[in-house]
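Examining the three-dimensional arrangement
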Amino acid sequence: MRVVGIETSCDETGVAVYDGERGLLAHAIHSQVELHARFGGVVPELASRDHIRRLAPLLAQVLEEAGTGRGDLDGVAYTAGPGLIGALLVGVAFARSLAWAWSLPAVPVHHMEAHLLAPMLEPDPPAFPFVALLVSGGHTLLVEVTAVGAYRLLGESVDDAAGEAFDKTAKLLGLGYPGGPALARLAEQGRPGRFEFPRPMTARPGLDFSFSGLKTAALLALREAGGDEGARADIARAFEDAVVETLVIKCRRALAHTGHRRLVIAGGVGANRRLREALLQLGEAVGARVHYPRPELCTDNGAMVAFAGYQRLRAGERAGLGFAARPRWAMDSLARAPGSPAESGSD
Ligand code: KG4
Ligand code: ZN
C-alpha cells in the first residue's frame, strides 16, 4: 500500500509518499520561515495563502522523486487538525479533492498522532509498548503507547507548551522567529550556572508540566542584568537547562511509573540537541532505549502524516466525501485513564 501524506497545519507545507513495503519513498517540506520572519511569528492568513501556492508543485516534485504515478497510489492522508483553521482547510480541501479526482480513499490524520508515530519511520523503530514525550509548539504530552491508536495520556502542560515557552522567551531576549532554534544557538555561548531557574512541578509527584513561569524568570533575570550584553546568552542557557532538566525528570518518572523500557521523543523541541543528549544519558542511566526521529522529522512534515495515514488505511479506516478541518481536536483515546498519576495546579 502506497500513501501520499499532506501536512499544512501551521507554517510548513509537507508532502510525502510512504510505501508499506519499501518505507518512505520521498518527502519534501516547504518552510514559510522567511515569509513570517519580519512579523516575529506566524501570520495565519499568509500561511494559508502560501500553502495554496506550494501544494501542487510540491506534490508533483515528491511523486517524481518517489517514481510514483497516480496509478501506484492507494490512498491520501491529510492533517485534519489540530492547527490553524485556514492553513488546515487548504490541505484538507486539496487532499480530499485529490483523492476524489484520482478515485482513492482519503483518511484524516491527527497531527499529534503523526508526530507520535514519526520515530517509527526510522531504520530501528521502537517496539511497543513505549513512553512518548511529545514536545511541540502547541503541546507537551507524556503518553503511554501500547499499539498504534492505543494511547494513554500520562501528563501534559497545564499552561504553555515547551516549544511555546522557547518561542516566548526567545522573543523576550530579542531573538527572531522561529524562537526555539535561535534560543538554542544563543544558549551555546551562555555560561551555565550564572542564573538558576526553577524546575517547575518537579518537587511534587505527577507527570504534568508548567512552563509559563520560566519566561517570567527570564524576564526578571533580564531586568536584573541591566545593560549587560553577555547576560542574554547566560539567560538562554539557564532557560534551556531548566526545560531540559524538567523534561528529563518527568521522563524518568514516566518510565518508572509504567515500567516500560523504551522512550520515544517527537515534536519540534525534540530537535533540540541538548535535550536529545540529556535524554540519551537518562536512557543509559535507567537501562531504557531512547528513540528519536531525525531532526527534520521532529518538526512538521508530510512523512509522518503519510505514515500515520498508512496505519489507519491499513486498519480499514476511510473518510466519506465530506471533510472537516478541526483546529482543536483532543486525541480521543488520550483520555486520562483512572489511576494515572494525575495532578492539577502549578508550582
Ligand atoms: O512540531 P513543530 O514543528 O510544530 C508544532 O506542531 O507546533 O514544533 C515547533 C516548535 C516551535 O515552538 C519551535 O521553536 C520548537 O518546536 N523548536 C525548537 C527547536 N527546533 C524547533 N525548540 C528548541 N530547540 C530547537 N532546536
Ligand atoms: Zn507539529
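To start, this report covers the structure provided alongside it. (Residues numbered from 1 in each chain as written. Chains lettered and ligands numbered in written order. Predicted model: local features only at pLDDT ≥ 70, side-chain atom pairs only at ≥ 80, totals over all residues. Heavy atoms only, no water.)

**Here we look at the packing of aromatic side chains**
Scanning all chains against the criterion turns up 5 aromatic pairs. When the ring of Y18 is compared with that of F307, the centres are 5.1 Å apart and the planes differ by 85 degrees; the resulting orientation is edge-to-face. With Y18 in strand β2 (residues 12-19) and F307 in helix α11 (residues 302-314), the pair connects residues that are 289 residues apart, well separated along the chain. The pair formed by Y18 and F307 is uniform in burial state, with each residue classed as buried. Between F128 and F130, the ring centres sit 5.5 Å apart and the planes meet at 15 degrees, which makes this aromatic pair stacked. Look at F130 and you get buried, because its relative accessible area is 0%. By the ring-pair criterion, three or more aromatic residues cluster together here, those being Y18, F307 and Y310. For K250, the ring lying beneath its charged end belongs to F209, and the centroid distance is 6.0 Å. Directly above the aromatic system of Y292 lies the positively charged group of R276, at a separation of 4.3 Å from the ring centroid. (Phe/Tyr/Trp six-rings, centres within 6.5 Å; stacked < 30°, edge-to-face > 60°. Helix = DSSP H or I, 4+ residues; strand = E, 2+ residues; numbered from the N terminus. Buried < 20%, exposed > 50% of the residue type's maximum accessible area, 1.4 Å probe, protein only. Lys NZ or Arg CZ within 6 Å of the ring centre and 35° of its normal.)

**Looking at the pairing of strand β5 (residues 106-110)**
Two faces make up the sheet, and in a regular strand the side chains alternate between them. Of all 5 residues in β5, 4 are buried, a share of seventy percent or more. Across 5 bridges, strand β4 (residues 75-81) lies against β5 in parallel orientation. Looking at the pairing, A77 lines up with V107 of β5. (Pairing = 2+ DSSP bridges.)

**A few points about the coordination of the zinc ion (ligand 2)**
Donor atoms from the polypeptide that bind the zinc ion (ligand 2) are H111 (NE2), H115 (NE2) and D300 (OD), placed at 2.0 to 2.1 Å. For the zinc ion (ligand 2), the 4 donor atoms in the first shell make angles of 94 to 136 degrees at the metal, a pattern classed as irregular. Here the donor residues of the zinc ion (ligand 2) are spaced in sequence according to H-x3-H-x184-D. Here D300 lies in the loop between α10 (295-298) and α11 and H115 lies in helix α4 (residues 111-117), a separation of 185 residues in the sequence. The exposure classification of H115 matches that of D300, with both residues buried. (Donors = N, O, S within 2.8 Å, 3.2 Å for Na, K, Ca; no water. Tetrahedral: all angles 85-135°; square planar, octahedral: opposite > 155°, others 65-115°.)

**Focus: the side chain of D11**
Within the secondary structure, D11 sits in the loop between β1 (2-7) and β2. No salt bridge is formed by the buried D11; the nearest opposite charge belongs to K171, separated by 12 Å. (Lys, Arg positive; Asp, Glu negative; His and termini not counted. Salt bridge = Lys/Arg side-chain N within 4 Å of Asp/Glu carboxyl O.)

**Remarks on the nonpolar core**
Within the largest apolar cluster, 49 residues are counted, with the highest numbers of intra-cluster contacts made by L133, L142, F197, L263 and L279. Taken together, the elements giving at least two residues each to this core come down to β6 (130-135), α5 (162-172), α6 (179-187), α7 (212-225), α8 (231-258), β9 (262-266) and α9 (273-286). Top contributing element to this core by residue count: α8, with 14 residues. Apart from the residues within four sequence positions on either side, L263 is in contact with V131, C251, L255, L279, L282, R289, V290 and H291. (Core = buried A, V, L, I, M, F, W, Y, C linked by side-chain atoms within 4.5 Å. Contact = heavy atoms within 4.5 Å.)

**Some remarks on the packing of α5 against α8**
α8 packs onto α5 with a crossing angle of 170 degrees between their chain directions and a minimal axis gap of 11 Å. What the angle tells us is that α5 and α8 run roughly antiparallel. For the pair α5 and α8, the contacting residues are A165, F166 and T169 in the first and F239, E240 and V243 in the second. Of the residues that constitute the contact of α5 with α8, the class distribution is 4 nonpolar, 1 polar and 1 charged. (Axes fitted to C-alpha atoms, helices over the stretch in contact; angles between N-to-C directions. Parallel < 35°, antiparallel > 145°, perpendicular 65-115°, else oblique. Nonpolar A, V, L, I, M, F, W, Y, C, P; charged D, E, K, R; others polar.)

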